[in-house]
Amino acid sequence: MALYPSYSTLSPPKSQSMASLRGAAATARHIHSASRVRLSLCSASSSSSLSSSSSYSPASVKCLQFSPLAPHIFKDQKRSSVSTVAAASDPAQLKSAREDIKELLKSKSCHPILVRLGWHDAGTYNKNIEEWPRRGGANGSLRFDIELKHAANAGLVNALNLIKPIKDKYSGVTFADLFQLASATAIEEAGGPKIPMKYGRVDVSAPDGCPEEGRLPAAGPPKPADHLREVFYRMGLNDREIVALSGAHTLGRSRPERSGWGKPETKYTKNGPGAPGGQSWTVKWLKFDNSYFKDIKERKDDDLLVLPTDAALFEDPSFKVYAEKYAEDQEAFFKDYAEAHAKLSNLGAKFDPQEGIVLDDVAGEKFTANYSSSKD
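Keep in mind the model is a prediction, meaning the values are calculated, not measured. (Residues numbered from 1 in each chain as written. Predicted model: local features only at pLDDT ≥ 70, side-chain atom pairs only at ≥ 80, totals over all residues. Heavy atoms only, no water.)

**Topic: the pattern of salt bridges**
Any two side chains of opposite charge can pair, so long as their charged atoms come close to each other.
Then, in step 1: Counting across every chain of the model gives 19 salt bridges.
Then, in step 2: A salt bridge links Lys106 to Glu103; its shortest N-O distance comes to 3.6 Å. Of this pair, Lys106 and Glu103 both sit in helix 4 (residues 91-108), 3 residues apart, roughly one helical turn.
Then, in step 3: Overall, the relative accessible area of 38% leaves Lys106 in the partly exposed class.
Then, in step 4: As a salt-bridge pair, Asp168 and Lys164 come within 2.7 Å of each other at their nearest N and O atoms. Pair noted here: Asp168 and Lys164 are both in helix 7 (residues 156-169), with a separation of 4 residues, about one helical turn. (Salt bridge = Lys/Arg side-chain N within 4 Å of Asp/Glu carboxyl O. Helix = DSSP H or I, 4+ residues; strand = E, 2+ residues; numbered from the N terminus. Buried < 20%, exposed > 50% of the residue type's maximum accessible area, 1.4 Å probe, protein only.)

In structure tokens, the structure reads:
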């Protein structure tokens, strides 16, 4: 359980004056409430200094800032002394972080991997488990090495490295919120719908809170439709939401060196945008629209990827109703997608405050990209 540092350990000697006591108490209250300080990933030595010292200075706490090395520090730990404070993210920092994410998207063309980062942190939810964080969901556990090494998360360390400077800059934003903020912002900036997001997710405190491997969907299971239902029904999602969420494959590429699927490069990916290579589901794979459904339905271009789980959307009778609808009606797809994305982002998460934090509605400048080739 993530807790605030106990201020009962900060009591002064008995000989100290009542005025000093009152001053110390006021200082403690200020530390606790002024900006809802989160001591993220504090080292064990820092924790022991809090409990053994009679004076407290925030500057004396040696917090391990998020870095590509951080997950490895927690590798193989069964029970960690590391703790995080269960505090809501700071709204002002969330808004500022969102603007920095927009700049990152413009400079790195990293929309797809940021969407995947948010999804894979949230997509571990199990509705049959009540206890947090065992139930999974968006809780920031994907930052730990044990979960990053799950096969379905191959390559996501690159996403963590991309947003590291933003996390370092905005310590008042939880990892769980930052992952979901990056995912929703990437959808919106790529031309997709506004996602009705809320924030205030609490971070899991240690790697022993990571879910077991196998909760995320696979690309090529023996029975694709059954597999999709098994995974998404476990989260409390229905057929309409499964198909709508699958439409996010309008963004991105599959890289065979990571997933075992797709071509090393195609005429649409050989020159980027971003790092070249991989096989995309759509021609303009950094534009969020309904072309995924159109292209899967037609299947006329060998350079466009169709996974078994993609093909199932037009083969399964129930899925097909929605896939056909979205291929014809982008507005309907956007509406259903936005609702499903927000639902996935919230399921299983622990919010502080419980009602969450809603940011003001700010329309971002839409991203445009130059592609290797096109059908235009």
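**Section: the nonpolar core**
Then, in step 1: Core analysis: the biggest nonpolar cluster contains 72 residues, and Leu114, Phe288, Phe293, Leu313 and Tyr337 have the highest contact counts within it.
Then, in step 2: When residues in this core are grouped by element, the largest group, 8 residues, is from helix 8 (residues 175-189).
Then, in step 3: When residues no more than four places from it in sequence are discounted, the contact partners of Phe288 are Ile187, Ala190, Gly191, Gly192, Pro193, Gly247, Ala248, Thr250, Leu251, Phe333, Phe334 and Tyr337.
Then, in step 4: Formed by 5 residues, the second largest nonpolar core is a distinct cluster that contains Tyr268, Val283, Trp285 and Leu304. (Core = buried A, V, L, I, M, F, W, Y, C linked by side-chain atoms within 4.5 Å. Contact = heavy atoms within 4.5 Å.)

**Comments concerning unusual backbone geometry**
Then, in step 1: Residue Pro133 follows Trp132 across a cis peptide bond; omega there is 5°.
Then, in step 2: Along the polypeptide, Pro133 turns up in the loop between helix 5 (111-122) and helix 6 (145-148).
Then, in step 3: Residue Pro273 is reached from Gly272 by a cis peptide bond, and omega for that bond is 10°.
Then, in step 4: Mapped onto the secondary structure, Pro273 falls in the loop between helix 11 (256-259) and strand 2 (279-280).
Then, in step 5: Backbone geometry at Arg299 places phi at a positive 50°, although glycine is not the residue there.
Then, in step 6: Relative to the helices and strands, Arg299 resides in the loop between helix 12 (291-298) and helix 13 (308-315).

**Some details on the environment of Phe179**
Then, in step 1: Tracing the chain through its elements places Phe179 in helix 8.
Then, in step 2: On a C-alpha basis, the gap between Phe179 and Gly118 in space is 4.8 Å, while along the polypeptide they are 61 residues apart.
Then, in step 3: The residues contacting Phe179, other than those within four sequence positions of it, are Leu114, Leu117, Gly118, Asp121, Gly140, Leu142, Arg143, Leu160 and Ile163.

**Overview of the confidence of the model for the protein**
Then, in step 1: Averaged over every residue, the pLDDT of the protein is 80; the share at 70 or more is 73%.
Then, in step 2: Here residues 1-86 is a poorly scored stretch, pLDDT under 50, and it has 116 contacts once near neighbours within four places are set aside; other chains count.
Then, in step 3: Confidence drops under a pLDDT of 50 for residues 362-367, and excluding neighbours within four residues, the segment shows 17 contacts in the predicted structure. (pLDDT = per-residue confidence, 0-100.)

**Quick word on helix 14 (residues 317-328)**
Then, in step 1: Helix length check: helix 14 (12 residues) gives 17 Å between terminal C-alpha atoms against 16 Å at 1.5 Å per residue, within 8%.
Then, in step 2: Along helix 14, the residues classified as buried are Phe319, Ala323, Tyr326 and Ala327. Angularly, the buried residues of helix 14 cover 100° about the axis, an arc narrow enough to put them on a single face. More than 90 degrees from the buried face of helix 14, the exposed residues found are Pro317, Val321 and Glu328.
Then, in step 3: Buried residues along helix 14 sit against helix 9 (224-234), helix 10 (239-246), helix 12, helix 13 and helix 15 (330-346).
Then, in step 4: Where helix 14 begins, the side chain of Asp316 points an oxygen toward the backbone nitrogen of Ser318, at a separation of 3.1 Å. (Expected span 1.5 Å × (residues − 1). Arc of directions from axis to C-beta. Polar contact = N/O pair within 3.5 Å; in protein donor to acceptor, adjacent residues only side chain to side chain.)

**With respect to the side chain of Glu147**
Then, in step 1: Note that Glu147 resides in helix 6.
Then, in step 2: Here Glu147 sits buried without a salt bridge, and the closest side chain of opposite charge, Arg143, lies 8.3 Å off (N-O distance).
Then, in step 3: Among all residues touching Glu147, those that are not within four sequence positions of it are His120, Thr124, Ser141, Leu142, Asn153, Cys210 and Pro211. (Lys, Arg positive; Asp, Glu negative; His and termini not counted.)

**Structural notes on the environment of Val243**
Then, in step 1: Take Val243: it is sitting in helix 10.
Then, in step 2: By relative accessible area, which is 0% here, Val243 ends up buried.
Then, in step 3: Linking Val243 and Tyr326, residues 83 residues apart in sequence, is a C-alpha distance of 8.9 Å.
Then, in step 4: If near-sequence neighbours (up to four positions away) are discounted, Val243 is found in contact with Phe293, Leu313, Phe319, Tyr322, Ala323 and Tyr326.

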